[in-house]
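Fold and contact review
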Amino acid sequence: LTLAEATRLVVVAPDGLVHKVPEGGYIGQDHGRIIRINSNTGVVELEEVVLGSLGRWELRTVTINVRQ
């Protein structure tokens, strides 16, 4: 895919700025990396780095539904 063909997630930050983030890009406070954007279903999968219950850093996969 070229950059023009890549699917991007449109994110409105708390300060009102709009960002277009492609797969592989990062968003959020937990260093969320977008691993998949499904434009047909409106589902985005993220990998986040979070502090686990044992005090260790862990990767967590999160699936969110977004508006198209």
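Look up a bit, the structure's there.
Cut-offs used in this document
- Residues numbered from 1 in each chain as written.
- Predicted model: local features only at pLDDT ≥ 70, side-chain atom pairs only at ≥ 80, totals over all residues.
- Heavy atoms only, no water.
- Pairing = 2+ DSSP bridges.
- Helix = DSSP H or I, 4+ residues; strand = E, 2+ residues; numbered from the N terminus.

Okay, the sheet that holds strand β4 (residues 32-38) next. Pairing is antiparallel across the open sheet formed by 4 strands, whose spatial order is β3-β4-β5-β6. Both outer strands of the open sheet, β3 (26-27) and β6 (57-65), are each paired with one neighbouring strand and no more. Two elements, strand β5 (residues 43-51) and β6, share 9 bridges in a ladder whose sense is antiparallel. Its bridge partner being in β6, Glu-48 is matched across the sheet by Arg-60.

Two elements, strand β1 (residues 8-12) and strand β2 (residues 18-22), share 5 bridges in a ladder whose sense is antiparallel. From the neighbouring strand, Leu-9 faces β2, where its bridge partner is Val-21. Counting the residues that bridge the hairpin from β1 to β2 gives 5 residues, and of these Gly-16 lies at a positive phi of roughly 90°.

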